[in-house]
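Notes for the structure review
Listed here are the chains, written in short residue letters.
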Amino acid sequence: MTTTLFSTLILAGGQATRMNGQDKGLVLWQGQALISHVLKNLPQEDIVISCNRNLDRYQCYGRVVKDTVPNFAGPLAGIAAALPHCQHEWVFITACDMPNLPVNIAETLWLNLDGKKIAVAHDGEHLQPLLLVLHNSLLTDIQQQVSQGLTSVYKWLQSKSFSIIYFKDKEIFNNINSL
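Report on the accompanying structure. Because the structure is a prediction, the values reported are computed rather than measured.

With that out of the way, let us pick up the nonpolar core. Across soluble globular proteins, you tend to see nonpolar side chains buried next to one another. Ranked by internal contacts, the top residues of the largest apolar core, which has 30 residues, are Phe92, Ile105 and Leu109. Secondary structure elements with two or more residues in this core: strand E1 (6-12), helix H1 (34-39), strand E4 (46-51), strand E6 (90-95), helix H4 (105-111), strand E7 (118-122) and strand E8 (127-135). Excluding its chain neighbours within four sequence positions, the residues that come into contact with Ile105 are Leu42, Phe92, Leu131, Phe167 and Ile172.

In C-alpha cells form, the structure reads like this:
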C-alpha cells in the first residue's frame, strides 16, 4: 500500500440526455444516489465534485465546484474548473456513473505511471478516458485547451504522453447511462 494521497475528482456535470435530464449522479440505484456507489471504494482524503446543477445536493459527498464554462462544456472543462480545488499532487478522476470501481483503482493507476504524468485505464478493447490519474501540474495545459474550445478528455489525451493500464475485469467499467 502506498502512502501517496490522492484527490478524488468526480465529474457530475453532464446533460444526462440518456437519463431524461435527471442529474445522473443523484439518480437512485440500489437505493442510493449513484455517486455514493462510485465514491465507496475511492480515496477519501480529498473529494471534489465538478457539476453544473444541484450543487447543494452534492455537498454531502465532497467539495463542489461549478464548471466555469457555461452550457455543459464537456468533461475537460469540468476538470479545468475543479483541478485548482484539489489539495493533492495526484488526482484520480472518474465519472459519476461507474459504481463498480475496485478499492485499489487509483493506486493501481498511480503505481503504473512509468515516469509519466498521466495513467489511463483500458478495458482491453477501449481506452477509458474518464478513468485516470494525473498530476495537478497539467492544470495550465488543460485550461489552455478548454479556452481554445476543446471539450473531450480523449482528444486532449491524444496530444499527451500517458501510460495505459489494462484491467482484466471488465465489470469495473460498467456505467449506468439510462434509467
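Looking now at the pattern of salt bridges. Opposite charge on two side chains permits pairing when their charged atoms draw close. Applying the stated rule across the entire model yields four salt bridges. The salt bridge involving Lys24 is made with Asp97; its shortest N-O contact spans 3.0 Å. Separated by 73 residues along the polypeptide, Lys24 in the loop between E1 and strand E2 (28-29) and Asp97 in the loop between E6 and H4 bring together distant segments of the chain. Residue class for Lys24 comes out buried when judged on its relative accessible area of 16%. Of the charged contacts in the structure, one is a salt bridge between Lys160 and Asp141, with a shortest N-O distance of 3.0 Å. Taken together, the residues span a long stretch of sequence, with Lys160 in the loop between helix H6 (153-157) and strand E9 (163-166) and Asp141 in helix H5 (residues 139-147) at a distance of 19 residues.

Right, let's talk about the packing of aromatic side chains for a bit. Evaluated as defined, the whole model comprises two aromatic pairs. Ring centres of Phe6 and Trp110 lie 6.3 Å apart, and the angle between their planes is 85 degrees; this geometry places the pair in the edge-to-face category. Of this pair, Phe6 sits in strand E1 while Trp110 sits in helix H4, placing them 104 residues apart in sequence. Summarising the aromatic geometry, the rings of Phe167 and Phe173 are spaced 6.1 Å apart at their centres and angled 75 degrees between planes, so their arrangement reads as edge-to-face. Taken individually, Phe167 and Phe173 each receive the classification buried, so the pair is uniform in this respect.

Quick notes on the rules
- Residues numbered from 1 in each chain as written.
- Predicted model: local features only at pLDDT ≥ 70, side-chain atom pairs only at ≥ 80, totals over all residues.
- Heavy atoms only, no water.
- Core = buried A, V, L, I, M, F, W, Y, C linked by side-chain atoms within 4.5 Å.
- Buried < 20%, exposed > 50% of the residue type's maximum accessible area, 1.4 Å probe, protein only.
- Helix = DSSP H or I, 4+ residues; strand = E, 2+ residues; numbered from the N terminus.
- Contact = heavy atoms within 4.5 Å.
- Salt bridge = Lys/Arg side-chain N within 4 Å of Asp/Glu carboxyl O.
- Phe/Tyr/Trp six-rings, centres within 6.5 Å; stacked < 30°, edge-to-face > 60°.

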